[in-house]
Amino acid sequence: MNLDDSQSSRETVVHVRGLYKSYGSRPALDGVDLDLQAGRIVGLMGQNGCGKTTLMKVMAGLLSDYRGTVQICGLAPGLEAKKLLAFLPDSSMISPELTASGAINLFADFFDGFDREKALEMLRFFDLEEDLKVRRMSKGMAEKLQIALVMSRNVRVYLLDEPISGVDPAARSVILDGVIRSFNEDSLMVISTHLIQDIESVVDEAVFMNSGKIALHRDADEIREVDGKSIDGLFREMFACSPR
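What you see is a predicted model; the values in this text were computed from it and never measured.

Peer 1: I'd like a rundown of the nonpolar core, residues and numbers included.
Peer 2: Counting 51 residues, the largest nonpolar core has Leu145, Ile147, Leu160, Met189, Phe208 and Ile231 as its most contacted members. Per element, the largest residue contribution to this core is 6 residues, and it comes from helix H5 (residues 139-151). Leaving out residues up to four positions away in the same chain, Leu160 has contacts with Met56, Leu88, Ile147, Val150, Met151, Val179, Met189, Val190, Ile191 and Ser192. Counting 29 residues, the second-largest nonpolar core is a separate cluster that includes Ala38, Met56, Leu188 and Met209.

Structural data, given as structure tokens:
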């Protein structure tokens, strides 16, 4: 792990040591060590099945049968830590019968510190109608609504699991623009993806996962300036990926 020395003064908001998680006899996380600081956008990158989603679910407090240490702002995953963290899963989390404004009302009632005005502003940015029901939305539209809901929570850690997977390139760009516009620089954002080329321009750090392990954790600018490679290019070199 080679990160810029300037990060040493930042507050560590995610701390993981010796994390192991298996599904039956199959290891999903195999001794993960990871520290992430506030004020950073981190790309959690790897091919499907490498352990990205499992790691995020452990951090989000959705999986408890693991070994090792996990802390969110000094707290073990659980009820108190969940108040400091917002998780966007890779599947829909909104009832198809809700409208966009109804989903905002639900989040405002359920989560302390939810910023209704910010959510409405993001709807306008994404050009989403407030009275449109989720079941009538395209996949890209529904993804934008979920992004608006998650990013309107006032928390320290945002975990976005494959937020641009399954949508067209134009929608990916708009989604990422919305995410960056709404990012609070006192927080940490982790974006997991296998579409590395699409997010590398917005991330401050790259974390590569492979077979349940952290294969690399480095500053994005260092990769470009010292190695003379793009993040996507380095990933392909390390894991012999064929062009998509």
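Read on for the rest.
Peer 1: Go over the pairing of strand S6 (residues 157-161), please, and point to the residues and values.
Peer 2: With respect to burial, S6 is a largely interior element, 5 of its 5 residues being buried. The alternating pattern of S6 places Val157, Leu159 and Asp161 on one face and Tyr158 and Leu160 on the opposite face, and all of these are buried. Pairing between strand S5 (residues 85-88) and S6: 4 bridges, direction parallel. Bridge pairing links Leu85 to Val157 in S6. Bridge count for S6 against strand S7 (residues 188-193) is 5 bridges, and the pairing is parallel. Along S7, the bridge assignment pairs Asp161 with Ser192.

Peer 1: Outline the sheet that holds strand S4 (residues 67-72), supporting the account with residue identities and numerical values.
Peer 2: The 3 strands are arranged S2-S1-S4 in an open sheet whose pairing can be described as antiparallel. Both outer strands of the open sheet, strand S2 (26-37) and S4, are each paired with one neighbouring strand and no more. In this sheet, adjacent strand axes meet at a mean angle of 15 degrees when their direction is disregarded. As defined by bridge partners, strand S1 (residues 12-23) adjoins S4 across 5 bridges and the pair is classed as antiparallel. From the neighbouring strand, Arg17 faces S4, where its bridge partner is Thr69.

Calculation criteria
Position numbers for residues start from 1 in each chain and track the written sequence from start to end. Where local features are concerned, this predicted model is filtered to residues with pLDDT of at least 70; where side-chain atom pairs are given and counted, the filter is 80 or more; whole-chain, interface and lining totals use all residues. The basis for every side-chain value is the complete set of non-hydrogen atoms in the structure, without hydrogens or water. In these notes, a set of buried Ala, Val, Leu, Ile, Met, Phe, Trp, Tyr and Cys residues joined through side-chain atoms within 4.5 Å is what counts as a nonpolar core. Buried, partly exposed and exposed residues are distinguished by accessible area as a fraction of the type maximum, computed with a 1.4 Å probe on protein chains only: under 20%, between the cut-offs, and over 50%, respectively. Note on conventions: DSSP H or I runs of at least 4 residues are helices, E runs of at least 2 residues are strands, and numbering of each starts at the N terminus. Contacts between residues were defined by any pair of non-hydrogen atoms, one from each residue, lying within 4.5 Å. When DSSP finds two or more bridges between two strands, those strands count as paired. Each axis is a line fitted through C-alpha atoms, and for a helix only the stretch in contact is used; angles between axes span 0 to 180 degrees, taken between their N-to-C directions.

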